[in-house]
Amino acid sequence: MTDYNTILVERDGRTATITINRPKALNALNSEVMTEVVTVAEELDRDSGIGAIVITGSAKAFAAGADIKEMSDKTFSEVHNQNLFAGWDRLAKVRTPVIAAVAGYALGGGCELAMLCDFIIAADTAKFGQPEITLGVIPGMGGSQRLTRAVGKAKAMDLVLTGRMMDAEEAERSGIVARVVPAAELLQVVKEVAGTIAGMSLPVAMMAKEAVNAAFETPLAEGLRLERRSFHAAFATDDQKEGMAAFLGKRPATFSNS
Ligand code: CAA
């Protein structure tokens, strides 16, 4: 695969891992990181040989936010005309399941990047927060919306208005984190989870992801209709026949992703 300046990309079977790699800046998300992560994620999404994508950082920082040095001198018209951070929306449109493996700081844009993924598995060292208000700005990569949907108004207001950090245990209790694991086991656990997902039928996993995401976008009746249509559509796949035959035959299923 191509060489990148700010990320490392590794493939292992049907799983790909994107590691943000700007250790001196605690993985601050500058525009080059955004371009590289989004471009690679879209490439992997077009590759039917990949069934799950992991996004991770280092032991110290998943990402300490958008790059403050890069944006500090920008004017209103520059950030407005460039539509700063809008490029990240493309990551949310990736159809392949994406897991965030978070250790250390996930602050500002780092917390928002983790929440852009389908779910977060955190190390017990993880710290989440939206400290933008301490810099004289507000979240700009979806934090005010995704955090509020995940944790509710009370805690979202607390975090966004004070800029305080929450630890992994509080993040799991609040609903932004799916599982907390010991830091030393984080990547192994996440790769196992990614391998499990990548072993499912890719078209059906995409349907499942789309249906869960619809719960955040649509009224209930509309979401239920989309779910029912996708459930019915699953019967058009070979993988539904294989999955049910395997269950009845008391053997593991082997999906063909078709
Ligand atoms: N942008 C640019 N550089 C950053 C950075 C960021 N978000 N976070 C850390 N760095 C750099 C530091 O400037 C420092 O660089 P130098 O060695 O060149 O001085 C290096 O990373 C190490 O950082 P610290 O010395 O500060 O490390 P620490 O262990 O003492 O503290 C920290 C760690 C608490 C995470 C602290 O670095 C920090 O508070 N970072 C900023 C967090 C933040 O405010 N994030 C929000 C950014 S705005 C945003 O994200 C907007 C949005 O919604 C998209």
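Look a little higher up for the structure.
Let me begin by describing the structure that accompanies this report. Nothing here was measured: the structure is a model prediction, and the numbers come from that model.

### Let's talk about the overall build of the protein chain
Counting secondary structure elements, the protein chain contains twelve helices and ten strands. Computed over the C-alpha atoms, the radius of gyration of the protein chain is 19 Å, within 12% of the 18 Å expected from 2.2 N^0.38 for a compact globule of 258 residues. Over its C-alpha atoms, taken along the principal directions, the protein chain stretches across nearly 60 × 45 × 40 Å. Taken across its 258 residues, the protein chain has 43% of its residues classed as buried.

### A look at the site of the ligand
Residues in close proximity to the ligand total 24 residues, the closest being Lys60, Gly109, Glu112, Glu132 and Gly140. One of the backbone nitrogen or oxygen atoms of Ala64 is found 3.0 Å away from a nitrogen atom of the ligand. In this structure, an oxygen atom belonging to the ligand sits 2.7 Å away from a side-chain N or O atom of Glu112. Here the ligand has 980 Å² of accessible area as a free molecule, and 66% of this is covered by the chains. Broken down by secondary-structure element, the contributors of at least two residues to the shell around the ligand are helix H2 (68–71), strand E6 (105–107) and helix H5 (109–116). Sort the elements by how many residues they give to the shell around the ligand and H2 lands first, with three residues.

### Details of the state of the cysteines
Think of a disulfide as a covalent bridge from one cysteine sulfur atom to another cysteine sulfur atom. Counted according to the given criterion, the structure contains zero disulfides. Between Cys111, a free cysteine, and Cys117, which holds the nearest cysteine sulfur, the sulfur-to-sulfur gap is 11 Å. The exposure class assigned to Cys111 is buried, which follows from its relative accessible area of 2%.

### As for the packing of aromatic side chains
Inspection of the entire model under this criterion finds one aromatic pair. Consider the rings of Phe231 and Phe235, whose centres lie 5.4 Å apart with planes at 70°: the pair is edge-to-face.

### Observations concerning the nonpolar core
Counting 48 residues, the largest nonpolar core has Ile55, Trp88, Leu113, Ile120, Phe128 and Ile176 as its most contacted members. Among the elements that take part in this core, helix H1 (residues 31–46) stands out by supplying seven residues, more than any other. The contact partners of Ile176, leaving out residues within four places of it in the chain, are Cys111, Ile120, Phe128, Leu147, Ala150, Val151, Met166 and Ala171. By size, the runner-up hydrophobic cluster in this structure holds 15 residues, among which are Ala123, Val181, Leu186 and Val189.

### As for the sheet that holds strand E5 (residues 98–102)
Pairing within the open sheet is mixed, and its six strands lie in the order E1-E2-E3-E5-E7-E10. Here the strands that pair on one side only, and so sit at the sheet edges, are strand E1 (7–12) and strand E10 (179–181). Within this sheet the neighbouring strands show an average axis-to-axis angle of 20°, counted without direction. Pairing analysis gives five bridges linking strand E2 (residues 15–20) to strand E3 (residues 52–56), with the strands arranged parallel. Bridge pairing in E3 places Thr17 opposite Val54. The strands touched by H1 within the sheet are E1, E2 and E3, with E2 carrying the most contacts at an inclination of about 180°.

### Observations concerning the pattern of salt bridges
Summed over the entire model, instances satisfying the criterion amount to eleven salt bridges. Salt-bridge contacts for Lys155 lead to Glu170; the nearest nitrogen and oxygen are separated by 2.7 Å. Here Lys155, found in helix H7 (residues 153–162), pairs with Glu170, found in helix H8 (residues 168–174); they are 15 residues apart in sequence, far enough to count as distant. The partly exposed category is assigned to Lys155, whose relative accessible area is 24%. Note on Glu170: relative accessible area 11%, which makes it buried. Each of Lys155, Asp158, Arg164 and Glu170 takes part in a single network of salt bridges with overlapping partners.

### Digging into the sheet that holds strand E4 (residues 61–63)
Ordered in space as E4-E6-E8-E9, the four strands form an open sheet in which the pairing is mixed. Both edges of this open sheet fall to E4 and strand E9 (165–167), since each of them pairs with a single strand only. Each adjacent strand pair in this sheet contributes to an overall mean axis angle of 20°, direction not counted. Sheet topology places strand E8 (residues 127–129) next to E9; three bridges connect them, and they run antiparallel. Along E9, the bridge assignment pairs Lys127 with Asp167. Lying on the sheet, H5 is in contact with E4, E6 and E8; it crosses E6 at an angle near 90°.

Rules used in this analysis
- Throughout, residues of each chain are indexed from 1 in the direction in which the sequence is written.
- In keeping with the predicted nature of the model, local features appear solely for residues at pLDDT of at least 70, side-chain atom pairs appear and are counted solely at 80 or more, and the whole-chain, interface and lining totals rest on all residues.
- Side-chain measures were taken over the full set of non-hydrogen atoms in the model, leaving aside hydrogen atoms and water.
- Secondary structure elements follow DSSP: runs of H or I of four or more residues count as helices, runs of E of two or more count as strands, with numbering from the N terminus.
- Each radius of gyration reported is based on C-alpha atoms, and the globular scaling rule is 2.2 Å times the count of residues to the power 0.38.
- Buried means the residue's accessible area, taken with a 1.4 Å probe over protein chains only, is under 20% of the maximum for its type, while exposed means over 50%, and partly exposed covers the values in between.
- By convention in this text, a residue qualifies as near a molecule or strand provided that one of its non-hydrogen atoms is within 4 Å of it.
- Polar contact criterion, stated in full: a pair of N or O atoms within 3.5 Å, where within protein one must be able to donate a hydrogen and the other to accept it, and residues adjacent in sequence count only if both atoms are side-chain atoms.
- The Shrake-Rupley method, run with a 1.4 Å probe sphere, supplies the accessible areas, and residue values consider only the shown protein chains as cover.
- Here, a disulfide means two cysteine sulfur atoms that sit within 2.5 Å of each other.
- When the centres of two rings from Phe, Tyr and Trp lie within 6.5 Å, Trp using its six-membered ring, the rings pair. Their planes under 30 degrees apart give stacked, over 60 give edge-to-face, and anything left gives tilted.
- Definition used in this section: a nonpolar core is a set of buried Ala, Val, Leu, Ile, Met, Phe, Trp, Tyr and Cys residues joined via side-chain atoms within 4.5 Å.
- In what follows, residue pairs with any heavy atoms lying within 4.5 Å of each other are defined as contacts.
- Following DSSP output, two strands are said to pair if at least two bridges run between them.
- Helix axes use the C-alpha atoms of the stretch in contact, all axes being lines fitted to C-alpha atoms, and the angles between their N-to-C directions lie in the range 0 to 180 degrees.
- Salt bridges are identified by distance alone: a Lys or Arg side-chain nitrogen within 4 Å of an Asp or Glu carboxyl oxygen.

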